[in-house]
Amino acid sequence: MSGLTLARLRRIASAASGRERRLAIVTGEDGRRWAAWPYGCIELDDQRHAWLESPADGCYRWRADGLALVECEPAFNPCLVRREMLPLLAAPSRVSVVPLRWMHEDGTHVRRLLERSDGLCTVVDADLWRHWTAAMDGTIWQVGGRHGWLVWASSETEPGVAGLGPVHANVAPLRPELPEMTV
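Below, the structure is looked at part by part.

About the thresholds
- Residues numbered from 1 in each chain as written.
- Predicted model: local features only at pLDDT ≥ 70, side-chain atom pairs only at ≥ 80, totals over all residues.
- Heavy atoms only, no water.
- Axes fitted to C-alpha atoms, helices over the stretch in contact; angles between N-to-C directions.
- Helix = DSSP H or I, 4+ residues; strand = E, 2+ residues; numbered from the N terminus.
- Parallel < 35°, antiparallel > 145°, perpendicular 65-115°, else oblique.
- Left-handed = near helix turned anticlockwise from the far one by under 90°.
- Contact = heavy atoms within 4.5 Å.
- Nonpolar A, V, L, I, M, F, W, Y, C, P; charged D, E, K, R; others polar.
- Phe/Tyr/Trp six-rings, centres within 6.5 Å; stacked < 30°, edge-to-face > 60°.
- Buried < 20%, exposed > 50% of the residue type's maximum accessible area, 1.4 Å probe, protein only.
- Disulfide = S-S within 2.5 Å.
- Polar contact = N/O pair within 3.5 Å; in protein donor to acceptor, adjacent residues only side chain to side chain.

Where helix H1 (residues 6–17) contacts helix H4 (residues 126–135), the two axes come as close as 10 Å, and the packing angle between them is 160 degrees. The angle between H1 and H4 falls in the class roughly antiparallel. When the axes of H1 and H4 are compared, the crossing they make is left-handed. Residues Arg8, Arg11, Ile12, Ala15 and Ala16 of H1 pack against Asp127, Leu128, His131, Trp132, Ala134 and Ala135 of H4. For the contact of H1 with H4, the class distribution of residues is 7 nonpolar, 1 polar and 3 charged.

This is how it looks when you write it as structure tokens:
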């Protein structure tokens, strides 16, 4: 988490929620604090939570002068994060993933291809991936199958410090084969 700065948090909020730069602040059952978006979440240690002026749990919009409390949307709120997102960070069934150099572009969306240690591939939004990997360090794991969450954790069994949802592709992505080179 060494790369997580206030400016990076702001950029993640913009990438994850557009011009509104919305985020939810959530305290887990274990007391850990999180910044969350519909696509993922990142743990806020005490120092990083203080950067945000130690807000209470709720939904916020990031403005030029700091965070402004806003009404939570029914489809995304701190209760949903606590109930559905945070348990994924401690899920025991994980395989490691590594980014491949391959990208896929289909009109307005650019996807990053990732390869799992079991040989399967998954895809993630390239812009979100860039922001999450700039802020987080450590091993990246995927929970469950190819549509499972990506989790940053120090080991396969340690609870994660960040999570990012993959793109739900209708077909299983395959690792592209390089053509034979002839001289």
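Let's pick the thread back up.
Turning next to the packing of aromatic side chains. Under the counting rule described, the total for this entry stands at 2 aromatic pairs. Judged by centre distance (5.7 Å) and plane angle (80 degrees), the ring pair of Trp37 and Trp132 falls under edge-to-face. Of this pair, Trp37 sits in strand S2 (residues 33–37) while Trp132 sits in helix H4, placing them 95 residues apart in sequence. For the pair shown, Trp37 and Trp132 are each scored as buried. Measuring from centroid to centroid gives 5.9 Å for Trp129 and Trp152, while their planes differ by 40 degrees, and the two rings are tilted. Here the residue Trp129 occupies a position in helix H4, and Trp152 occupies one in strand S10 (residues 150–153), the gap between them amounting to 23 residues.

Take the state of the cysteines next. Enumeration according to the criterion identifies 1 disulfide in this entry. Here Cys59 connects covalently by a disulfide to Cys72, the sulfurs 2.1 Å from one another. One quick way to see it: the torsion about the S-S bond of Cys59 and Cys72 is about 110 degrees, and its sign makes the bridge right-handed. Within this pair, whereas Cys59 is found in strand S4 (residues 58–63), its partner Cys72 is found in the loop between strand S5 (66–70) and helix H3 (78–85), the two being separated by 13 residues in sequence. Sulfur of Cys41: no disulfide; nearest cysteine sulfur belongs to Cys59 and is 14 Å away. Left without a disulfide partner, Cys79 is nearest to the cysteine sulfur of Cys72, which lies 8.4 Å away. Accessibility expressed as a relative area gives 48% for Cys79, which makes it partly exposed.

Let us now look at H4. Of all the residues in H4, the buried ones are Ala126, Leu128, Trp129, His131, Trp132 and Ala135. Put simply, Asp125 is the residue that caps the front of H4, since its side-chain oxygen is 3.1 Å from the backbone nitrogen of Asp127.

Located in the positive-phi region is Glu53, a residue other than glycine, with phi close to 70 degrees. Inspection of the secondary structure puts Glu53 in the loop between helix H2 (46–51) and S4. On the basis of relative accessibility, which here comes to 69%, the residue Glu53 falls in the exposed class. The phi angle at Ser54 is positive, at roughly 50 degrees, despite the residue not being glycine.

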